[in-house]
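Coordinate inspection notes
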Amino acid sequence: GELYSIRDRLDAMDETSRWMAGGCRKGPLVVVGTGGGSDKVHTLRVSPDRQLLMPTAEPIAMAKNPSFVSASADRSAVYAIGEGCAAALSVDHDKGELSLLGELQSANGAGTAFIEPDGANKHVLVANY
């Protein structure tokens, strides 16, 4: 058979294949609440061709049905709501990981549907239905 160097194989790959082989460490980061009875918030990276989403880290457990996520203006944190509660999560963009900031906070209602931080990241607006 023919011998190929690693460089030959990498040169033959398209951009998305190289991205996947490199561990999906570059590209836009997407944060998704799962809803549907789960308690997890996931982080995913978008492939260079924008055709794939790949998980970047273990999902973080938050509260039942985390269904809405909103980013801070500087993208250093995301805010997520679950059934009756809200959470602030720090974002490590390089690793694609989330960490809970403090404790879950009550949303003062069971039908929590929306969360939005103010521009200074000091307060969030939470809406219940």
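Criteria and cut-off values
- Residues numbered from 1 in each chain as written.
- Predicted model: local features only at pLDDT ≥ 70, side-chain atom pairs only at ≥ 80, totals over all residues.
- Heavy atoms only, no water.
- Helix = DSSP H or I, 4+ residues; strand = E, 2+ residues; numbered from the N terminus.
- Buried < 20%, exposed > 50% of the residue type's maximum accessible area, 1.4 Å probe, protein only.
- Contact = heavy atoms within 4.5 Å.
- Pairing = 2+ DSSP bridges.
- Axes fitted to C-alpha atoms, helices over the stretch in contact; angles between N-to-C directions.
- Core = buried A, V, L, I, M, F, W, Y, C linked by side-chain atoms within 4.5 Å.
- pLDDT = per-residue confidence, 0-100.

What to know about the overall build of the protein
Of the regular secondary structure elements, the protein holds two helices and ten strands. For the protein, the α and β elements follow one another from N to C terminus as α-α-β-β-β-β-β-β-β-β-β-β. Taken across its 129 residues, the protein has 29% of its residues classed as buried. For the protein, the proportion of contacts with a sequence separation of at least 24, taken over those separated by at least 6, is 38%.

Looking at the environment of isoleucine 115
Tracing the sequence through the fold places isoleucine 115 in strand S9 (residues 112-117). Each residue touching isoleucine 115, except ones within four places of it in the same chain, is listed here: Phe68, Ser70, Tyr79, Ala80, Ile81, Ala86, Val124, Leu125 and Val126.

So, the side chain of serine 70
Within the element layout of this structure, serine 70 appears in strand S5 (residues 68-71). The class for serine 70 is buried, based on a relative accessible area of 8%.

A few points about the sheet that holds S5
In spatial order, the strands read S5-S6-S7-S8; together these four strands make up an open sheet with antiparallel pairing. Of all strands in the sheet, those bounded by a partner on one side alone are S5 and strand S8 (97-106). In this sheet, neighbouring strand axes are inclined to one another by 25 degrees on average, regardless of whether the strands run parallel or antiparallel.

Points about the nonpolar core
In terms of nonpolar packing, the biggest core is built from eleven residues, these being Val41, Ile60, Met62, Ala63, Val78, Ala80, Cys85, Ala87, Leu89, Val91 and Leu98. Counting residues per element, this core draws most heavily on strand S7 (residues 85-92), at four residues. Apart from residues no more than four positions distant in its own chain, cysteine 85 is found in contact with Met62, Ala63, Ala80, Leu104, Gln105, Ser106, Ala107 and Thr112. The next biggest cluster of nonpolar side chains, apart from the first, holds six residues, and it includes Ala77, Tyr79, Ala86 and Ile115.

Details of the pairing of S7
Counting buried residues along S7, six of its eight residues qualify, which places the element largely inside the surrounding structure. Direction of pairing for strand S6 (residues 77-82) relative to S7: antiparallel, over a ladder of six bridges. Looking at S7, one finds that alanine 80 is bridged to alanine 87. With antiparallel pairing between neighbouring strands as the criterion, S6 and S7 make up a hairpin whose turn holds two residues, including glycine 84 at a positive phi of roughly 80 degrees. In this sheet, S8 lies alongside S7 in antiparallel orientation, the contact comprising seven bridges. Residue pairing in the sheet places serine 90 in a bridge with serine 99 of S8.

Side note on the pairing of strand S1 (residues 29-33)
In this structure, S1 lies alongside strand S2 (residues 40-46), joined through five bridges in antiparallel fashion. The partner of glycine 33 across the bridge, within S2, is valine 41. Joining the antiparallel neighbours S1 and S2 is a turn of six residues, in which glycine 35 adopts a positive phi near 60 degrees.

Some points on the confidence of the model for the protein
Across the protein, pLDDT averages 83, with 81% of residues at or above 70. Averaged over each element, pLDDT in the protein is lowest for helix H1 (residues 6-12) (60) and highest for S7 (93).

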